[in-house]
Number of protein chains: 2
Amino acid sequence: MNKFAIAIHGGAGTILRSSMTPEKEIEYKLGLKNAIMDGDNILAKGGNALDAVETAIRNLEDNPLFNAGRGAVFTSKGKNEMDSSIMEGSTLMAGAVTGINNIKNPITLARTVMQKSEHVFLSGLGAMEFAEKMKLEFAPDEYFFVQHRYDQLLQAKKSDTVILDHTVTNATSKKGTVGCVALDVHGNLAAGTSTGGMTNKKFGRVGDSPMIGAGTYANNNTCAVSCTGHGEYFIRSVVAYDISCLMEYKGLSLKEACDIVVHKKLVAIGGEGGLIALDAKGNIELPFNSEGMYRAMKKSNGNLYIGIYKD
Amino acid sequence: MNKFAIAIHGGAGTILRSSMTPEKEIEYKLGLKNAIMDGDNILAKGGNALDAVETAIRNLEDNPLFNAGRGAVFTSKGKNEMDSSIMEGSTLMAGAVTGINNIKNPITLARTVMQKSEHVFLSGLGAMEFAEKMKLEFAPDEYFFVQHRYDQLLQAKKSDTVILDHTVTNATSKKGTVGCVALDVHGNLAAGTSTGGMTNKKFGRVGDSPMIGAGTYANNNTCAVSCTGHGEYFIRSVVAYDISCLMEYKGLSLKEACDIVVHKKLVAIGGEGGLIALDAKGNIELPFNSEGMYRAMKKSNGNLYIGIYKD
């Protein structure tokens, strides 16, 4: 059997050991484990990378710990506005949505846009109307109401700052997004990203997560990438496609490309965050320039790895 | 005095000599001339590339002939939904908006997002609220109501197809977007793009025009690019940044990079359209793989060139 591989992330940022309780740490690791094993099971049965990516991200979206789907943060208007995108490396087909509410699994909507519409990217009410027509699962406001996220909004409003994720105190600033990259036994790559944005963000702000090329990219000739971090810097740097171009045009390895983009280019402009990347040979990189990044990876011939802090 | 240069486009597509009247052709050429000379005047006085780009695009937006600003097409809901983006090559700062109505000059809103907000990309009502706060000029629905565009919508609804621009008959399919790239005497590049989208498009569809990396990109080390065409293919190909990467990572000239992206990569996936590109040495390329592209260019040491069809 050919090899397969999968990696996921649950957001990057200032995640310090000192501000994490042992209980919380176990919860996060369990969440990551459940999500990656859902995707891995699909790949192990010979399933395709796109299904593995969608399934792992749905799992993370359903987990209120992560800033996507159910755990999405509140905008300055007190609403959840979610974004997501997905891309298939064999066809370069892609789908994305921004500014949606009450969709239980935004990643599934992105995939439906890719496969069932003539467009790549839908926003706001138009995206919601499409979701309704396609009979996607909706969830009421209460489903998305997670108390500690709402407390964060009140906290952020008090200080009038934008908080990058479900940070309550200065000690635990975290950029929240979830993502997955996968390689299946057929040699196909796929990548997906889903996010609930930034706490107290401006209504209507679009980050890098729904942007093909910035937050998500997949191409069988190079790699699959999903990003997490301060989205504005990731958009300006076209991060996900930059990794692919450095490999394709400059002949760099996945590791060399990730090092340059995450540790040099993003750092130079002040862009905090990280990404997960996987090449067509099954190599995985999980670089970040922040204090920590919730992450996990598994190869067909290897053990499960789960990390939160810098090693 | 150092050299400067500017190029603009007014959309690409099936523009055939046989379906154009001499009067219409003069109108289009005059529109292109007025817009590029507005930008050129700024550059000739030592003004900066960003001002030249904004000014030339405002001129095109104000001209009902072009599918941006005043001449924006109607969505399937009978509304105008406009997108635009702008990027500065010296700082890699960028601004973009999608799904806005009643803003007289979307390119100015994109620039305001870049310079006055902490975000890069704003959508829909959030973008409109920001515009109001920043006191941008609004215009009533009547301002945007151009009879032949509305006729196109009715025509498209009848056949239930998406028409890429202000096409009424099969003979003149045209992808409508306007854009500008400029190099100023200080050696700075800038690029901007503005569009009214596709006739009868799905409400909420986002094309490549507001996407940094896909429809617009500028970097003083490489080039400034603005695209026009079937947006979905341009998003999946991250076209504007691809030109930049081929130059930076593979050492290609602007011309070589444009040839590969427009005449090979886009053609291979069926992506019809074109782009304008300008490098830091003042070289200009205006490639398109469609029947025609409304375009103009002028260098500090050269004559004005205006083109519509293949030469």
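Refer to the structure presented above.
So, how was this worked out
Residues numbered from 1 in each chain as written. Chains lettered and ligands numbered in written order. Predicted model: local features only at pLDDT ≥ 70, side-chain atom pairs only at ≥ 80, totals over all residues. Heavy atoms only, no water. Phe/Tyr/Trp six-rings, centres within 6.5 Å; stacked < 30°, edge-to-face > 60°. Helix = DSSP H or I, 4+ residues; strand = E, 2+ residues; numbered from the N terminus. Buried < 20%, exposed > 50% of the residue type's maximum accessible area, 1.4 Å probe, protein only. Lys NZ or Arg CZ within 6 Å of the ring centre and 35° of its normal. Core = buried A, V, L, I, M, F, W, Y, C linked by side-chain atoms within 4.5 Å. Contact = heavy atoms within 4.5 Å. Least-squares fit on C-alpha atoms with pLDDT ≥ 70 in both.

## A word on the packing of aromatic side chains
Residues and elements named next belong to chain A. Taken as a whole and judged by the stated rule, the model has 10 aromatic pairs over all chains. Relative to Tyr294, the ring of Tyr28 lies with its centre 4.2 Å away and its plane at 20°, an arrangement referred to as stacked. Of this pair, Tyr28 sits in helix 1 (residues 22-44) while Tyr294 sits in strand 13 (residues 292-299), and the two are 266 residues apart along the sequence. The interplanar angle of 80° and the centroid separation of 6.2 Å between the aromatic rings of Phe66 and Tyr294 together place this pair among those described as edge-to-face. On the criterion of sequence distance, the pair formed by Phe66 in the loop between helix 2 (49-62) and strand 2 (82-88) and Tyr294 in strand 13 is long-range, its members being 228 residues apart. Here the two residues Phe66 and Tyr294 agree in accessibility, since each one is buried. Here the aromatic residues Tyr28, Phe66 and Tyr294 are joined through ring pairs into a cluster of three or more. The ring of Tyr143 has Arg70 lying over it, and the distance from NZ or CZ to the ring centre is 4.8 Å.

## Some remarks on the nonpolar core
Ile243 and Leu275 of chain A together with Ile243 and Leu275 of chain B are the most contacted members of the largest nonpolar core, which has 98 residues in total. Non-local contacts of Ile243 of chain B, meaning those with residues more than four positions away in its chain, are made with Cys223, Val225, Leu254, Ala257, Cys258, Val261 and Leu275 of chain B.

## With respect to the relation of the copies chain A and chain B
When chain A is fitted to chain B, the residual RMSD is 0.0 Å, and the transformation amounts to a turn of 180° plus an axial shift of 0.0 Å. Taken together, these values place the two copies in the relation of a two-fold axis. When the interface residues of chain A are mapped onto chain B, 100% of them again fall at the interface, so both copies present the same face.

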